[in-house]
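Summary of structural features
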Amino acid sequence: QFKILILTVRLDRMGTNVLPGYQRMGSGQLLTQHCNEIADKNGCRTWIPASPNGYSMFKKRGFKEVAVLDAHLEQYGFDAATGKMYILLRDLPPS
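Described in the following lines is the structure provided in the data block.

How each quantity is defined
Residues numbered from 1 in each chain as written. Predicted model: local features only at pLDDT ≥ 70, side-chain atom pairs only at ≥ 80, totals over all residues. Heavy atoms only, no water. Phe/Tyr/Trp six-rings, centres within 6.5 Å; stacked < 30°, edge-to-face > 60°. Helix = DSSP H or I, 4+ residues; strand = E, 2+ residues; numbered from the N terminus. Buried < 20%, exposed > 50% of the residue type's maximum accessible area, 1.4 Å probe, protein only. Pairing = 2+ DSSP bridges. Salt bridge = Lys/Arg side-chain N within 4 Å of Asp/Glu carboxyl O.

Let us now look at the packing of aromatic side chains. The final tally for this structure, using the stated rule, is two aromatic pairs. With 4.5 Å between their ring centres and 50° between their planes, Tyr-55 and Tyr-86 make a pair best called tilted. In this pair, Tyr-55 sits in helix 2 (residues 55-60) while Tyr-86 sits in strand 4 (residues 84-90), placing the two residues 31 residues apart along the sequence.

Below you can see the structure in the form of structure tokens.
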């Protein structure tokens, strides 16, 4: 009798936060590149929540949109984009 055990490894990131005065200077890109290297080395897929501000940076680095959460904050006077959170996934690069 044989038993098969399949382990799935993934990396759940809490996000990348850069102070507004330091945004668009490459800090988020460097952090993301470093985290991607760690994930690749360990054979992990990576999940991350992304704000509208960080969305395009993550997309350029191999993340794909899998869901959008919308709190509909426009009903409270905020811009519609403010209430959105994108759930992104980065699979392992092909070997």
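Attention now moves to unusual backbone geometry. For Arg-24, which is not a glycine, the phi torsion comes out positive at approximately 65°. Position of Arg-24 relative to the elements: it lies in the loop between strand 1 (10-12) and helix 1 (27-41). By relative accessible area, Arg-24 is classed as exposed at 80%. Look at His-72: it is not a glycine, yet its phi comes out positive at around 50°.

Attention now goes to the pairing of strand 2 (residues 45-50). Side chains of strand 2 alternate between two faces, with Thr-46, Ile-48 and Ala-50 buried and Arg-45, Trp-47 and Pro-49 left unburied. Looking at chain direction, strand 2 and strand 4 are connected through five bridges and run antiparallel. Each bridged residue has a counterpart across the sheet, and for Ile-48 the counterpart in strand 4 is Leu-88.

This part takes up the pattern of salt bridges. Applying the stated criterion across every chain, the model contains two salt bridges. For Arg-90, the salt bridge is made with Asp-40, and the minimal N-O distance between the two is 2.9 Å. One end of the pair, Arg-90, is in strand 4; the other, Asp-40, is in helix 1, and 50 residues separate them in sequence. Residue Asp-40 is classed as partly exposed on the basis of its relative accessible area of 29%. Put simply, Arg-45 and Asp-91 hold a salt bridge, and the shortest N to O gap is 3.5 Å. Here Arg-45, found in strand 2, pairs with Asp-91, found in the segment after strand 4; they are 46 residues apart in sequence, far enough to count as distant.

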